[in-house]
Amino acid sequence: ISNKQTLGITEEETIKNLKAITDRVIEQEKMARKILTKNSIELEDEICRAYGIITNCKKISSEECIMLLSEIRLGIELGIIKQITQANLNKLEIYTKPANLQKLAGQTLEGYERDIKRAEIIKNIINS
């Protein structure tokens, strides 16, 4: 919270404003989900494809991994994906980052090696 924006208002007013903004974000999220579910077969197909790619890849870049995990998270929250728990998805998001991959490997890895290791980590976490 910036001093410039909160100068002259009480803590209660700051909290009230923050709550109002949070409530608007939540409402927009609900509206966006309604729009998404109108084209449910397309959405379900995209989410299932993301799950298929991430569970069967032999190598995957950090950028692609982030995108696919985001789609899978939506799939879990909408009840489309039931094969991955929220806890395992959180692990995937942490352990597939470049620095964490290298820490798990115990060595410095070049980009291509990280992409291969990332796919291995994904399979290990999903199958655990």
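Below is a short write-up of the structure. Here the structure is a predicted model, which is why all the values come from computation and not from measurement. Counting restarts for each chain, with residues numbered from 1 along the sequence as it is written. Residue-level local features of this predicted model are given only where pLDDT is at least 70; pairs of side-chain atoms are given and counted only at 80 or more, and the full residue set underlies all totals for whole chains, interfaces and linings. Working from all heavy atoms in the structure, the side-chain values ignore hydrogens and water.

1. Points about the environment of Tyr112
Applicable threshold: Put simply, DSSP marks the helices as runs of H or I at least four residues long and the strands as runs of E at least two long, and each gets a number from the N terminus on.
Following the sequence through the fold, Tyr112 ends up in helix 7 (residues 111-126). Measuring from C-alpha to C-alpha, the distance between Tyr112 and Gln83 comes to 28 Å, with 29 residues separating the pair along the chain.

2. Quick look at the pattern of salt bridges
The condition that has to hold: By convention in these notes, a salt bridge is any Lys or Arg side-chain nitrogen within 4 Å of a carboxyl oxygen on Asp or Glu. A simple rule labels every residue: compare its accessible area, found with a 1.4 Å probe on the protein chains alone, to the largest value its type can have, and call it buried under 20%, exposed over 50%, or partly exposed in between.
Tallying each qualifying case throughout the model produces 5 salt bridges. Across the pair Asp45 and Arg49 runs a salt bridge whose closest N-O atoms are separated by 2.7 Å. In this pair, Asp45 and Arg49 are both assigned in helix 3 (residues 40-56), 4 residues apart and thus about one turn of the helix distant. Classification of Arg49 by relative accessible area gives exposed; the value is 55%. In this structure, the salt-bridge partner of Lys117 is Glu120, at a minimum N-O distance of 3.8 Å. Of this pair, Lys117 and Glu120 are both found in helix 7, 3 residues apart, which corresponds to roughly one turn of the helix. Accessibility expressed as a relative area gives 24% for Lys117, which makes it partly exposed.

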